[in-house]
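# Coordinate analysis (summary)
Each chain, written out:
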Amino acid sequence: RLDGPCVISTWDFGVAANQAAWAVLSKGGRALDAVEAGARVPEQDLKNHSVGRAGYPDRDGHVSLDACIMDELGNCGAVAALEHIAHPISVARKVMEKTPHVMLVGAGALQFALEQGFQYEELLTPDSKAAWEAWKKDAKYQPKANSEVGDYGKTTGQLGTPGGKGNHDTIGMLAIDAKGNIAGACTTSGMAWKMRGRVGDSPIIGAGLYVDNDVGGATSTGVGEEVIRNVGSFLVVELMRQGRSPEAACREAVERILKKKPQAKDIQVGFLAINKRGEVGAWAIQSGFSYALCDGRKQDTLLPGKATY
Ligand code: SD4
């Protein structure tokens, strides 16, 4: 159980992201500002190929990014299939704050971002381009369970080092501020080598992220199609509302996926949740999922998410 202001996030790179969020929380800042600041860390990391700049592209070579953000009042904003903007989480926040809408996609999201002063960039780095060229030789779309560096069992000595060669990993982050308010953010380049136009769970409120300030928050990582089908993060929050602990709620959401589709045991989905009291839990289909915790006592704890397989 975390005490006072705290932040949690998915995977190893959550350690560094949490530190940026903690810089906001420790000064009495708002959970919403903390999760935006935290999510921007992997977004700008050129070694991280699953979020933001340097994210792996779709199968046609376009880097297309998905993100959403939600605050303690139930306000939310999202962008999907956004190209050429390195910080989709900040665009999502602008959608929330400056438009009458919740989600903008594709060309419209880019137009809005440029109007808001975001910089147009080529996001496909030489490394990502080389990986895409290599992938094209076989051109098989086979999501791996965990990214190499994201795999908890393989990270010795690499805590907080982002990157990895797997083809998915998303940062989902949840924070509680000094006022006890909860906010969340989720940002990703989605599944590497996805079809052009494919959108996963990460930018979809209720699937990749959900926050209810009376109850808690949840976020997901892994193969988004399975999360969308089960409205995963909303499900986790509703189960917590009914009295489940965060871990039990995450586990039940994973089991719901597997019950409806037993073949999903071969892919990875992980949920991470926090309740209003600061209790944290996570569960995944497969081992290898990890999450990072940070509060006033400990800044850089990385824990393995329990798994069904
Ligand atoms: C998606 N959930 O686009 C994201 C990808 C991912 O860990 O998490 N990965 O489906």
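Keep in mind that this is a model prediction, so the values were computed, not measured.

Neighbouring the ligand are 14 residues, the closest being Thr 170, Arg 198, Asp 201, Thr 221 and Gly 222. Between the ligand and Thr 221 there is a distance of 2.6 Å, counted from an oxygen atom to a side-chain nitrogen or oxygen. Between Gly 224 and the ligand, the recorded distance is 2.8 Å, taken from a backbone N or O atom to an oxygen atom. For the ligand, whose accessible area on its own is 280 Å², the fraction buried by protein is 100%. Among the detected pockets, the ligand sits in the second largest cavity.

Ordered in space as 4-3-2-6-5-1-11-12, the eight strands form an open sheet in which the pairing is mixed. Strand pairing shows two members of the sheet lacking a second neighbour, strand 4 (103-105) and strand 12 (301-304), which therefore form its edges. Neighbour-to-neighbour, the strand axes of this sheet turn through a mean angle of 10°, independent of strand direction. Sitting on the sheet, helix 2 (residues 31-44) touches strand 2 (65-70), strand 5 (171-176) and strand 6 (182-188), and the angle it makes with strand 5 is about 155°.

Counted according to the given criterion, the structure contains four aromatic pairs. Taking 5.5 Å as the distance between ring centres and 15° as the angle between the ring planes, the aromatic pair formed by Trp 135 and Trp 193 counts as stacked. Highlighted residues: Trp 135 in helix 5 (residues 126-138) and Trp 193 in the loop between strand 6 and strand 7 (209-212), separated in sequence by 58 residues. For Trp 193, a relative accessible area of 8% puts it in the buried group. Judged by centre distance (4.9 Å) and plane angle (85°), the rings of Tyr 210 and Phe 234 are edge-to-face. Here Tyr 210 is found in strand 7, whereas its partner Phe 234 is found in helix 7 (residues 232-241), with 24 residues between them in sequence. Aromatic ring contacts, followed pair by pair, group Tyr 56, Trp 135 and Trp 193 into a single cluster. One Lys or Arg, Lys 136, reaches over the ring of Trp 132 and ends 3.7 Å from the middle of that ring.

Another aspect to go through is the sheet that holds strand 7. The five strands are arranged 7-8-9-10-13 in an open sheet whose pairing can be described as mixed. Edge strands, defined here as strands with exactly one partner in the open sheet, are strand 7 and strand 13 (306-307). Pairing of strand 8 (residues 216-222) with strand 9 (residues 269-275) involves seven bridges; the strand directions are antiparallel. Directly across from Ala 218, in strand 9, lies its bridge partner Ala 273. Sheet strands in contact with helix 7 are strand 7, strand 8 and strand 9, and its direction is about 145° off that of strand 8.

What counts, and at which threshold
- By convention here, each chain's residues receive numbers from 1 onward along its written sequence.
- Residues qualify for local features only when their pLDDT is at least 70, as the model is predicted, and side-chain atom pairs are given and counted only at 80 or more; totals for whole chains, interfaces and linings, by contrast, use all residues.
- Excluding hydrogens and water, the side-chain values take into account all heavy atoms of the structure.
- Throughout, near means a residue has at least one heavy atom within 4 Å of the molecule or strand.
- Pairs of N or O atoms within 3.5 Å make up the polar contacts considered here, provided that, within protein, one atom can donate a hydrogen while the other can accept it, and that residues adjacent in sequence are counted only when both atoms are side-chain atoms.
- Under the convention used here, a 1.4 Å probe and the Shrake-Rupley method define accessible areas, while residue burial counts only the protein chains that appear.
- Cavities and pockets are found on a 1 Å grid laid over the protein atoms alone: a cavity is a set of points where a 1.4 Å probe fits but cannot escape, a pocket is an open set with protein on both sides within 12 Å along at least five of seven lines, and a lining residue has an atom within 4 Å of such a point.
- Any molecule with more than half of its atoms within 2 Å of a cavity's or pocket's grid points is regarded as sitting in that cavity or pocket.
- In short, DSSP must find at least two bridges between two strands for them to pair.
- Helix and strand definitions here come from DSSP, where helices need a minimum of 4 consecutive H or I residues and strands a minimum of 2 consecutive E residues; each element is numbered from the N-terminal end.
- Axis lines are fitted to C-alpha atoms, over the contacting stretch for helices. Their N-to-C directions set the angle, which ranges from 0 to 180 degrees.
- Contacts are assigned to residue pairs that have any heavy atoms within 4.5 Å of one another.
- Each aromatic pair joins two rings of Phe, Tyr and Trp (for Trp, the six-membered one) with centres within 6.5 Å, and gets the label stacked for planes under 30 degrees apart, edge-to-face for over 60, and tilted for any other angle.
- For the exposure calls, accessible area comes from a 1.4 Å probe over protein chains only, and a residue counts as buried if that area is under 20% of its type's maximum, exposed if over 50%, partly exposed in between.
- Both a distance and an angle decide whether a charge sits over a ring: NZ of Lys or CZ of Arg must be within 6 Å of the ring centre and within 35 degrees of the ring normal.

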